[in-house]
Amino acid sequence: MRKVAVVAGGVSTWGVRSATWGELVQEAGNALFSSARSLGAKDVDSLFVGAAQPERFAFQSHVAPMTAELLGLHPWKVLRRNELACASGQAAIQDAYAAIASGLSDVAVVLGVEKMNIPSMAEATTSMANVLDRAWDGVQGGTAPPFFAMAAQRHMHEYGTTAEQMALVSVKNHKFANTNPKSQFYSKTFTKEKILSSPMVSPPLRLGDCSSMTDGSGAVLLVSEEKARTYTDTPVWISATAQYTDFHNLANMPSLSSWTGLKKAASELYQKGGIDPTDIDFAEVHDCFTISEIIEYEELGFCKKGQGGKFIQEGQSDLGGKVTVNPRGGLLGCGHPLGATGIGQAVEVLEQFQSKVPAARHVKDAEVALTHNLSGSANVHTLTLYRREN
Amino acid sequence: MPQTPSLLDFYPLEDEKSTRISKFFDNVRQGHFTTTRCTKDQSVHWPPRVVCPQCHGEALEWIELPKKGRLFAFSALLLGLPMGMEGEAGAVVGMVELDGWPIKIFSRIANAKYEDCHIGDAVEWDPYTLADGRVFFRFRKPAAPPPA
Ligand SMILES: [Zn+2]
């Protein structure tokens, strides 16, 4: 296996955007090309596109060549589109990593994009419901909010987690998003009181517990070790990847409150990376809902099972705590444009290690970081481990 | 035939031309709640399958599932309802633990208000017919017993 570096990256502004799917693609491309030293379109031998549902949200398929055209690229080694719902972006990064590590590719652009705000919100929600087993779970009203609401209910029932503890996750991530001008909720203040009095979406989850429908895009450049210094003096290295899936239909889910698949994926990641959870300096995790981040603290081994609520309450996931979680602002603060989310997380890792982020969210002297996306009903977990030094 | 364009229609196509498990829907029509079980390794599937995911055998049999169960977890759909469900704000959904079976099925819970539901509440199977003649099922809170 060859070593693989992330050397450049950028994101568009995320939010409810007056821009089409293709326009978002072009914004991500420009963010990337302006962040890399001496990157020309002719250098790029491969393109990976993370896009969850362009067929539903933008009525467009065959999006990899469309993206290549919009960026002026003519990839001659690997051209792919990756769909893994909410993890499409990170999965695309892992595909590019595999292609470079194996020697198939040397210089790969990974672009993630989603256009989610369309004229009919009900039509968009319908498309989100097909992420579950549509004919058996979607048909019953299964979408993300009620699923994660049941996870929250069971976690509260079994471990005593509180609505206030969940709200604190949202407060922290919105606080970080206020340092991130590209985020959906930049300049919007979210206090605990505001979150706890926001409208109920699926009880016990309120609007302030939920990430949003977001238009956004991002792109990163992955290259082989020998090319890394061409594009930056401070490359970031992919140390390991891991994934696990244990069910799809909700009837086959081992537990609502324990995400066994994440525990297995994390164990694989730490073993491959030769580390344990205490080595992680910061983590970009999938806070699609506040309860998700609490369960993720536990399954990633940042705290004991059932102690996730206490972990946020004690400030252990804040800057200066045991492990800074979601310094970018998370999905709650930045928004969640499905295919772009994993790319946004990778850009944060790059900019943290390169000391390009504002001091208010900078994890100083960080050496090891992970990114995590769940997808669907937390039935897939996708993890990548990054190191600052080779 | 369904009236909704198929890519916006949550309900499965259930006739013999469309699926190899049309028997499940025939059974619903006759008031039976069924699924498949592998005759080789006895694993019970949900949803019904045509190949056993455990052993990849094709010798499956139809078995009856319990029509009674209990709420293991539940929530309600208050905001962001999908097309075709916009008028159903407040609908309760939950994981139903079937009595005596190691299966929990996600279902709409009819005849229920979120505020009145508790973990462990009894629910019962509730088949229904769509306007286009297709059938499906949900669970419901049992009707309150008549006053003594
Ligand atoms: Zn079998």
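So, here's what we can say about the structure. Residue indices follow the written sequence of each chain, beginning from 1 at its first position. Each chain takes a letter, starting from A, and each ligand takes a number, starting from 1, following the order in which they are written. With pLDDT at 70 or above as the cut-off, local features in this predicted model cover only qualifying residues; side-chain atom pairs require 80 or more to be listed or tallied, and sums for whole chains, interfaces and linings still use all residues. To obtain the side-chain values, all non-hydrogen atoms of the structure were included, while hydrogens and water were left out.

1. Looking at the coordination of the zinc ion
Residues and elements named next belong to chain B.
Logical step 1: Sites may look incomplete, because water is not among the atoms used; the donor set itself consists of N, O and S atoms within 2.8 Å of the metal (3.2 Å for Na, K and Ca). Only C38 (SG), D41 (OD), D41 (OD), C52 (SG) and C55 (SG) from the protein reach the zinc ion as donors, at distances of 2.3 to 2.7 Å.
Logical step 2: Positions of the donor residues of the zinc ion along the chain correspond to the pattern C-x2-D-x10-C-x2-C. One end of the pair, C38, is in strand 1 (residues 34-38); the other, C55, is in the loop between strand 1 and strand 2 (60-64), and 17 residues separate them in sequence. Put simply, DSSP marks the helices as runs of H or I at least four residues long and the strands as runs of E at least two long, and each gets a number from the N terminus on.

2. Some thoughts on empty space enclosed by the protein
Logical step 1: Only protein atoms enter the 1 Å grid used here, on which a cavity is any set of points holding a 1.4 Å probe that cannot leave and a pocket is any open set flanked by protein within 12 Å on both sides along at least five of seven lines; residues with an atom within 4 Å of a point are listed as lining. Grid points are joined across faces, edges and corners, and a volume is the space filled by probe spheres set on the points. As enumerated under the stated definition, the model contains two cavities of 30 Å³ or more in all.
Logical step 2: Within this model, the largest cavity holds a volume of roughly 60 Å³.
Logical step 3: Lining of the largest cavity is provided by 13 residues; of these, F247(A), S255(A), S258(A), W259(A) and A378(A) occupy positions nearest its centre.
Logical step 4: Grouping the amino acids of the lining of the largest cavity by side-chain chemistry returns six nonpolar, six polar and one charged.
Logical step 5: Considering only enclosed or pocket space, the second largest cavity measures out at about 30 Å³ in volume.
Logical step 6: Lining the second largest cavity are T143(A), P146(A), S202(A), L77(B), L79(B), G80(B), L81(B) and P82(B).
Logical step 7: When grouped by side-chain class, the residues that make up the lining of the second largest cavity number five nonpolar, three polar and no charged. Three classes are used, and their members are as follows: Ala, Val, Leu, Ile, Met, Phe, Trp, Tyr, Cys and Pro are nonpolar, Asp, Glu, Lys and Arg are charged, and the others, Gly among them, are polar.

3. Observations regarding the sheet that holds strand 5 (residues 104-110) of chain B
Logical step 1: Strands are labelled as partners when DSSP assigns at least two bridges between them. Ordered by their spatial adjacency, five strands build a closed barrel running 3-4-5-7-6 (chain B), and the pairing between neighbours is mixed. Between one strand axis and the next, the sheet turns through 50 degrees on average, direction left out of account.
Logical step 2: Where strand 3 (residues 68-77) of chain B meets strand 4 (residues 91-98) of chain B, eight bridges bridge the pair, whose relative direction is antiparallel. The partner of S75(B) across the bridge, within strand 4 of chain B, is V93(B).
Logical step 3: Residues are treated as being in contact if the distance between any of their heavy atoms lies within 4.5 Å. To obtain each axis, a line is fitted to C-alpha atoms, and for helices this fit is confined to the stretch in contact; angles are then taken between N-to-C directions over 0 to 180 degrees. This element, helix 6 (residues 144-159) of chain A, spans strand 3, strand 4 and strand 5 of chain B of the sheet and lies at about 115 degrees to strand 3 of chain B.
Logical step 4: This element, helix 1 (residues 22-29) of chain B, spans strand 6 (122-129) and strand 7 (135-140) of chain B of the sheet and lies at about 60 degrees to strand 7 of chain B.

So, to be careful, I would describe these as geometric facts and stop short of saying anything about function.
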